[in-house]
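Tertiary structure, described
Next come the chains, spelled out residue by residue.
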Amino acid sequence: MDKLHHIVVVGGGAGGLELVTSLGRKLGKKGKARITLVDAGLTHVWKPLLHEVASGSLDANSNEVNYRAHARQHHYEFQLGRMSNVNRETKTLVISPFLDEDGKEVVPERNLQYDTLVIAVGSTANDFGTPGAQENCLFLDSLKQARRFHNLLLNAFLRKNHEARQGQEHALNISIIGAGATGVELAAELRLASRELPVYGMNHLKASDVTITVIEAADRILPALPERLSAAATKELGNQHVTVLNGQPVSEIRPGIVVMKDGTELPSDMTIWAAGIKAPAFLANVDGLESNRGNQLVVHQTMETTRDSNIFAFGDCAACPQPNTDKPVAPRAQAAHQQAATLFKTLCNRLEGKDAVPFVYNDYGSLINFSHYTTVGNLMGSLSGRGLYIEGKVARMFYVSLYRMHQVALHGFLRTGVIWFMDKISRAMQPRLKLH
């Protein structure tokens, strides 16, 4: 094994896990290379689903992929730990000590030798330095945060239901800062929760007692998407009695209060930050690799870092250029999926002494899901020069297919079919919301 070319992939998100799966099947299984995945967690959940985990409409336990089990099935190795640095001269990845919940060291700092290193550590929330955001906001960057949000949500409903029973003031105000796809979809999921939880015993609290407000600094929600999609989303949020505040930058977050730039104070029992993303801060100082102001590693179109031909980066943590534009690839799940497929070809070519494959992003459109209510979106994107607007059941079918495609990449068609069948059984037997 020590003589084999060692490819180390850091980050088991959508792109990273799809890449090691393909490499394991192609190279690891045949003994052509040694493949290792490094991640700080033990399991993977598709990040676009975290808002559903947070609201309780998705049970993460039944949708997790265990890295150790998956590695055994797909012929790669797994190392539990968080990347802290790289020594490019010795081709060594530095992995931070692994600590238990009490802060005790389980495994000390380790060094992992590589021949080719791929960094796919994703992104974290960008609060733009807003005072009080870190202290007073909830975030949805990880499964751990989504689960914490869910527990806090259940406790908030329980508290307000008790207050309503006692005849006390019991309004529950939820604020979502940022009206991108995550913020908009989360608002719809929370509205569903406000209507479903009374069915399961919290019947003193009505959906009308729960105020959900989406706050966006731009002049419309979903500012990065076509205006027609934004208008449809605004209308649907209105139908679900979600308040939308456009053109309202937030200047400060206080305990129980969101302060607008114009001085308006909005009461908020739960405040969620979904206004932007950035690459992890440690990438700004990785042994001389070039990075931008958003901490992204700067790469060539082949996803090779500009200062080291043995290190690649892709997904949200990389600024990948595209022909005929000065904008890098947008940080989207479909981009990471496409990049993983292209980088797989490049790494296979690399072992055979062939050229790298330049990455060209194809925009297949955008879909916004409003929980069980409806789905809207546009298909084709730049492929046809204009989007094909869809909504309702057809749009919902395409939305669900995105996750199924991710599962096919990880498990193959047969196992994905079994997973789909088990999901159907589970949904028929379980409540519509996770209640614990």
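Our subject in this report is the structure included herewith. (Residues numbered from 1 in each chain as written. Predicted model: local features only at pLDDT ≥ 70, side-chain atom pairs only at ≥ 80, totals over all residues. Heavy atoms only, no water.)

Considering all chains together, one arrives at two aromatic pairs under this definition. Ring geometry for W46 and Y403: centres 5.4 Å apart, planes at 20°, overall stacked. Here Y403 lies in helix α9 (residues 392-429) and W46 lies in the loop between β3 (43-44) and α2 (50-55), a separation of 357 residues in the sequence. Accessibility assignment for this pair places W46 and Y403 in one class, buried. Summarising the aromatic geometry, the rings of Y67 and F78 are spaced 5.1 Å apart at their centres and angled 25° between planes, so their arrangement reads as stacked. (Phe/Tyr/Trp six-rings, centres within 6.5 Å; stacked < 30°, edge-to-face > 60°. Helix = DSSP H or I, 4+ residues; strand = E, 2+ residues; numbered from the N terminus. Buried < 20%, exposed > 50% of the residue type's maximum accessible area, 1.4 Å probe, protein only.)

With that out of the way, let us pick up a positive patch on the surface. On the surface, a cluster of positive charge is contributed by K26, K29, K30 and K32. Along the polypeptide, K30 turns up in the loop between α1 (14-28) and β2 (34-39). Since its relative accessible area comes to 53%, K30 is described here as exposed. (Patch = residues over 30% accessible without salt bridge, like charges linked within 9 Å, V, L, I, M, F, W, Y side chains within 5 Å. Areas by Shrake-Rupley, 256 points an atom, 1.4 Å probe, with all protein chains shown as cover. Salt bridge = Lys/Arg side-chain N within 4 Å of Asp/Glu carboxyl O. Lys, Arg positive; Asp, Glu negative; His and termini not counted. Charge placed at Lys NZ, Arg CZ, Asp CG, Glu CD.)

Here the focus is the sheet that holds strand β22 (residues 311-313). Two modes of strand pairing occur in sheets, parallel and antiparallel, and in both the strands are linked by backbone hydrogen bonds. Pairing in this open sheet of five strands is parallel, and the strands run β5-β2-β1-β11-β22 from one edge to the other. Where the open sheet ends on each side, the last strands, each with one partner, are β5 (77-80) and β22. Shown here is a sheet whose adjacent strand axes are inclined to one another by a mean of 20°, direction ignored. One ladder, built from four bridges, connects strand β1 (residues 6-10) with strand β11 (residues 116-119); its direction is parallel. (Pairing = 2+ DSSP bridges. Axes fitted to C-alpha atoms, helices over the stretch in contact; angles between N-to-C directions.)

Put simply, α1 and α9 touch, their axes get as near as 10 Å, and they point 25° apart. Relative to α9, α1 is oriented roughly parallel. In the crossing of α1 with α9, the sense of the turn from one axis to the other is left-handed. In contact with A14, L17, E18, T21 and R25 of α1, α9 contributes H406, V408, A409, L410, H411 and G412. (Parallel < 35°, antiparallel > 145°, perpendicular 65-115°, else oblique. Left-handed = near helix turned anticlockwise from the far one by under 90°. Contact = heavy atoms within 4.5 Å.)

In this section: the sheet that holds strand β13 (residues 172-177). Spatially, the four strands line up as an open sheet ordered β15-β14-β13-β19, and their pairing is parallel. At either margin of the open sheet sits one strand with a lone partner, and together these are β15 (242-245) and β19 (270-273). On average, each strand axis in the sheet is inclined to that of its neighbour by 20°, with strand direction left out of account. Across four bridges, strand β14 (residues 210-215) lies against β15 in parallel orientation. By the bridge assignment, I212 is partnered in β15 with V242. Strands β13, β14 and β19 of the sheet are contacted by helix α5 (residues 143-165), whose axis makes an angle of about 155° with β19.

Turning our eyes to something else, we now look at the pairing of strand β16 (residues 250-254). Examined bridge by bridge, β16 and strand β17 (residues 257-260) share four bridges and lie antiparallel to one another. By the bridge assignment, E252 is partnered in β17 with V259. Linking β16 back to β17 in an antiparallel pair, the connection comprises two residues, with G256 at a positive phi of about 80°.

On to the environment of V400, then. Within the secondary structure layout, V400 lies in helix α9. Measuring from C-alpha to C-alpha, the distance between V400 and L99 comes to 37 Å, with 301 residues separating the pair along the chain.

Another point: the side chain of R110. Topologically, R110 is positioned in strand β10 (residues 110-113). Put simply, R110 is tucked away with no salt bridge, and the nearest opposite charge, on E109, sits 9.0 Å away. One polar contact links the side chain of R110 to the main-chain carbonyl oxygen of L80, over a distance of 2.9 Å. Of the polar contacts made by the side chain of R110, one reaches the backbone oxygen of P108; its length is 3.3 Å. Excluding its chain neighbours within four sequence positions, the residues that come into contact with R110 are Q79, L80, G81, L93, V94, I95, S96 and F98. (Polar contact = N/O pair within 3.5 Å; in protein donor to acceptor, adjacent residues only side chain to side chain.)

The next point concerns a nonpolar patch on the surface. Together, L414, V418, W420, F421, M422, I425 and M429 make up an exposed nonpolar region whose accessible area comes to about 770 Å². Mapped onto the secondary structure, L414 falls in helix α9. Accessibility expressed as a relative area gives 72% for L414, which makes it exposed.

On to the environment of L343, then. By the element assignment, L343 lies in helix α8 (residues 333-351). The buried category is assigned to L343, whose relative accessible area is 0%. Spatially, the C-alpha atoms of L343 and P255 are 45 Å apart, while their sequence positions differ by 88 residues. Residue contacts for L343: discarding those within four places in its chain leaves L19, V118, T302, M303, F312 and F314.

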